[in-house]
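Residues per chain are reported as follows:
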Amino acid sequence: MLLAIVSVVVTGIGAPGISAFSGRMETRRSHRLAVQKECRDVLDFAAEQLTRSQLVTAYCISLWSRGIMDGDDEAKEYLKRRNHANEMARTAYGRLRVRFGPTAPVTRHYDDAIECMHRLTDVLRGYRAGDTYGAWEHQASAESAELATAGNKFLTAAKKALSAQR
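It should be emphasised that the depicted structure is a prediction, and the values quoted were computed from it without experimental measurement. (Residues numbered from 1 in each chain as written. Predicted model: local features only at pLDDT ≥ 70, side-chain atom pairs only at ≥ 80, totals over all residues. Heavy atoms only, no water.)

Before going further, it helps to spend a moment on the packing of aromatic side chains. This structure, assessed with the given rule, holds two aromatic pairs. Relative to Tyr 78, the ring of Tyr 59 lies with its centre 4.3 Å away and its plane at 45°, an arrangement referred to as tilted. Within this pair, whereas Tyr 59 is found in helix H1 (residues 2-65), its partner Tyr 78 is found in helix H2 (residues 73-100), the two being separated by 19 residues in sequence. On the numbers, 4.8 Å between centres and 65° between planes, the contact of Tyr 110 with Phe 154 is edge-to-face. In this pair, Tyr 110 sits in helix H3 (residues 105-128) while Phe 154 sits in helix H4 (residues 133-164), placing the two residues 44 residues apart along the sequence. (Phe/Tyr/Trp six-rings, centres within 6.5 Å; stacked < 30°, edge-to-face > 60°. Helix = DSSP H or I, 4+ residues; strand = E, 2+ residues; numbered from the N terminus.)

Right, dumping it as structure tokens:
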């Protein structure tokens, strides 16, 4: 009789409880993994856009330093690519704000990189408007170095953000 009572309790109460608990744990795990993947994707997208902006800007600077200005087809194409890359970097910043919050270190460092990008663009605007190469070369180099530093700080913060989620 005791065996029958234990059997009814285990199969009638214990098994469904264990099954429900196991299901809840699996749902939580799946949700946590989905959030981690989304965060990784947002960080990868942001890093990709920042790098693309830096590379295309460096190529534009290379063209301009050789006297190939906006009237040239190649310069027009790369200027268009630079503008698109800068816009995509701003889009990435918005995604970082949504996923990590506006005060998170990863978001703040990315914002710093965006600000450096703006300052570099302002320096380059002066050259494109007719300033001499020597007048903007030093300042463009300094802004490019600051942008690289800000980008590295962002990458370090991104690695920390990813490792904190594990």
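On we go from here.
Bringing the side chain of Gln 49 into the picture now. Position of Gln 49 among the secondary structure elements: in helix H1. A relative accessible area of 3% places Gln 49 in the buried class. Setting aside anything within four residues of it in sequence, one finds Gln 49 in contact with Ala 85, Met 88, Ala 89, Ala 92 and Tyr 110. (Buried < 20%, exposed > 50% of the residue type's maximum accessible area, 1.4 Å probe, protein only. Contact = heavy atoms within 4.5 Å.)

The subject of this paragraph is the nonpolar core. Grouped together as the largest cluster of nonpolar side chains are 36 residues, with contacts concentrated most on Leu 96, Phe 100, Val 106, Tyr 110 and Phe 154. Elements that contribute at least two residues to this core include exactly H1, H2, H3 and H4. Of the residues forming this core, the biggest block, eleven residues, is contributed by H1. Once residues within four sequence positions are removed from consideration, Val 106 is found in contact with Leu 43, Phe 100, Phe 154, Ala 157 and Ala 158. (Core = buried A, V, L, I, M, F, W, Y, C linked by side-chain atoms within 4.5 Å.)

Relative to the elements of secondary structure, Ala 58 occurs in helix H1. With 86 residues separating them in the primary sequence, Ala 58 and Ser 144 have C-alpha atoms 8.6 Å apart.

Read these as spatial facts, not as claims about activity.
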